[in-house]
Amino acid sequence: MNNPKNLLVEDPIIRKVYEIYGPLIKPRQPVRNPEEIIKRLKNEYRLVVKPYIVYLTVAAFLNNRPVLYEGPPGTGKTEIGEAILTLWAGKTAFVLPCSENYDEYRVIGDFHPAMAMAKGFNEESFIPRPLLAALILDTGVLIDEIRRSNEDFQNMLLDIIDKRRIIVPELKKVYYQRGIGFQIIFTSNPLDIAQSDLSEAFLRRVIRIEFKYPSMEEEYEIVKLRLGNLIDRIPGKMVKTALEIVRILRKKAVYKPGTADLVSWLTITAILAEQKNREATINELIEAARATLIKNPEDEEVVLEAVESAG
Ligand SMILES: Nc1ncnc2c1ncn2[C@@H]1O[C@H](COP(=O)(O)OP(=O)(O)OP(=O)(O)O)[C@@H](O)[C@H]1O
Ligand SMILES: [Mg+2]
């Protein structure tokens, strides 16, 4: 990405951000019309997204509010969030995968230890991190699996979200949002075990958008889009059966297969068949099911029963 013309007179941190993160950001034409976004998601990103998700997300962005995508695993939250942020800003979005020990040093900035010892905690030893970089570059940030982070981290984010600015106290500096490209999408899976509750203060600020499993028709479309030519290796009837089986497993199994699991199940089935240079049989379907759908020993029986009865 080209540096701004006035870079020389700008702050050294801004210069560093452009040097470090600029090359990672691919500029493109921003797309802000919901219908156009839906089209691009499908044609460019191979994502079939329910219109309400796009309309609500765009409404939140126009209102400069962050969005929370909540829903079961493998329903496209991360991929869809990243793609919408990229289309909206017209620049590659940043993705921050949360963990329990995430803090401001990991997302805003840190000091190079040796350099800080030698030269002090100053602009020279400061290393900008992705959230600060996104604010300066005016691009989107996906904060993935927010429930895995700790409460202090969430409170720190609230302050940034409310005021749309980032303070770096050690440098006595404040950086402000520069345009509407800087938007935030959080993702979360409330059903995941060992995940913390989000505070009321946090939930009050976000526009919460619930993700659900796609309908049969939508999921069939996703499978076709994702498998491409590989779909020809699987008899049409078998694809339909697989769609029905995941619906049974979403009711009965401990590990509920998401669309992501369905796609990998059928992709592996098709590749196994391709390796044998023929159409997939029930054997490949079962072999691939074992490898992609059983994430929990308790589910072995229910998965195999569902798939074998389809033969
Ligand atoms: N709506 C969709 N359109 C196209 N592909 C989809 C869709 N939903 C899920 N997928 C499939 O799932 C994958 C993306 O799942 P992703 O990791 O984004 O889901 P997630 O909801 O973030 O899951 P998790 O909760 O496990 O993080 C895609 O690579 C694709 O195979
Ligand atoms: Mg995800």
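Values in this document were obtained by computation on a predicted structure and should not be read as measured data.

To continue, consider the overall build of the protein. Each helix and strand in the protein was counted, giving 14 helices and nine strands. Taken along its principal axes, the extent of the C-alpha atoms in the protein is 70 × 40 × 40 Å. Looking at the protein alone, contacts between residues at least 24 apart form 73% of all its contacts between residues at least 6 apart.

Of the positions making up helix α1 (residues 12-21), those classed as buried are I13, I14, K16, V17, Y18 and Y21. If you follow the buried residues of α1, they end up packed against β4 (126-128), α7 (130-137) and β7 (173-176).

With that out of the way, let us pick up the environment of A273. Looking at where A273 falls in the secondary structure, it is placed in helix α12 (residues 259-275). Judged by C-beta crowding, with 22 C-beta atoms within 10 Å, A273 ranks as buried. Considering only alpha carbons, one finds A273 and L230, 43 residues apart in sequence, at a separation of 9.5 Å. In contact with A273, not counting residues within four places along its chain, are R233, R278, E279, A280 and E284.

Around ligand 1 lies a shell of 18 residues, among which P73, G76, K77, T78 and A260 are the nearest. Of all the secondary-structure elements, those providing two or more residues to the shell around ligand 1 are α4 (77-89), α10 (216-227) and α12. Of the residues belonging to the shell around ligand 1, the class tally is seven nonpolar, seven polar and four charged. Here the shell around ligand 1 spans two domains, since at least three of its residues come from each of domain 1 (5-210) and domain 2 (216-310).

Attention now moves to the domain arrangement of the protein. Assigned domains within the protein: domain 1 (5-210) and domain 2 (216-310). Once you take the C-alpha centre of each, domain 1 and domain 2 turn out to be 34 Å apart. At the interface, seven residues of domain 1 touch 11 residues of domain 2.

This part covers the sheet that holds strand β9 (residues 207-210). On the basis of which strands lie adjacent, the open sheet formed by five strands has the order β2-β5-β8-β1-β9 and parallel pairing. Because the sheet does not close on itself, it has two edges, and the strands there are β2 (94-97) and β9. Adjacent strand axes in the sheet meet at a mean angle of 20 degrees when their direction is disregarded. Running over the sheet, α7 touches β2 and β5 (141-144) and is turned about 160 degrees from β2.

To continue, consider the pairing of strand β1 (residues 67-70). Neither face of β1 is exposed, since V67 and Y69 on one face and L68 and E70 on the opposite face are all buried. Pairing analysis gives four bridges linking β1 to β9, with the strands arranged parallel. Its bridge partner being in β9, L68 is matched across the sheet by R208.

This part is about the nonpolar core. V17 and V141 are the most contacted members of the largest nonpolar core, which has 78 residues in total. Counting only domains with at least three residues in this core, you end up with domain 1 (5-210) and domain 2 (216-310).

The subject of this paragraph is the environment of D11. As for its placement among the helices and strands, D11 is situated in the segment before α1. In the structure, D11 is positioned 162 residues away from K173 in sequence and 9.9 Å away in space, judged by C-alpha atoms.

With that settled, consider the packing of helix α13 (residues 282-293) against helix α14 (residues 300-310). At a closest axis distance of 10 Å, the pairing of α13 and α14 adopts a crossing angle of 155 degrees. The angle between the axes of α13 and α14 places the two elements in the roughly antiparallel class. When the axes of α13 and α14 are compared, the crossing they make is right-handed. Between α13 and α14, the contacting residues are L285, I286, A289 and L293 on the first element and V303, V307 and E308 on the second.

Among the structural elements, K91 can be located in the loop between α4 and β2. Note on K91: 22 C-beta atoms within 10 Å, which makes it buried. In sequence terms K91 and L137 are 46 residues apart; their C-alpha atoms lie 8.9 Å from each other.

The next point concerns the packing of α1 against α7. Closest axis-to-axis distance for the α1/α7 pair is 10 Å, and the angle between their directions is 100 degrees. Between α1 and α7, the angle falls in the class roughly perpendicular. Of the residues in α7, those touching α1 at I14, V17 and Y21 are L132, A133, I136 and L137. Residue composition of the contact of α1 with α7, grouped by class: seven nonpolar, no polar and no charged.

Cut-offs and rules
- Residues numbered from 1 in each chain as written.
- Chains lettered and ligands numbered in written order.
- Predicted model: local features only at pLDDT ≥ 70, side-chain atom pairs only at ≥ 80, totals over all residues.
- Helix = DSSP H or I, 4+ residues; strand = E, 2+ residues; numbered from the N terminus.
- Contact = placed C-beta atoms within 7 Å.
- Buried ≥ 20, exposed ≤ 12 C-beta atoms within 10 Å, placed from the backbone.
- Near = placed C-beta within 6 Å.
- Nonpolar A, V, L, I, M, F, W, Y, C, P; charged D, E, K, R; others polar.
- Domains from an automatic or database assignment.
- Pairing = 2+ DSSP bridges.
- Axes fitted to C-alpha atoms, helices over the stretch in contact; angles between N-to-C directions.
- Core = buried A, V, L, I, M, F, W, Y, C linked by C-beta atoms within 7 Å.
- Parallel < 35°, antiparallel > 145°, perpendicular 65-115°, else oblique.
- Left-handed = near helix turned anticlockwise from the far one by under 90°.

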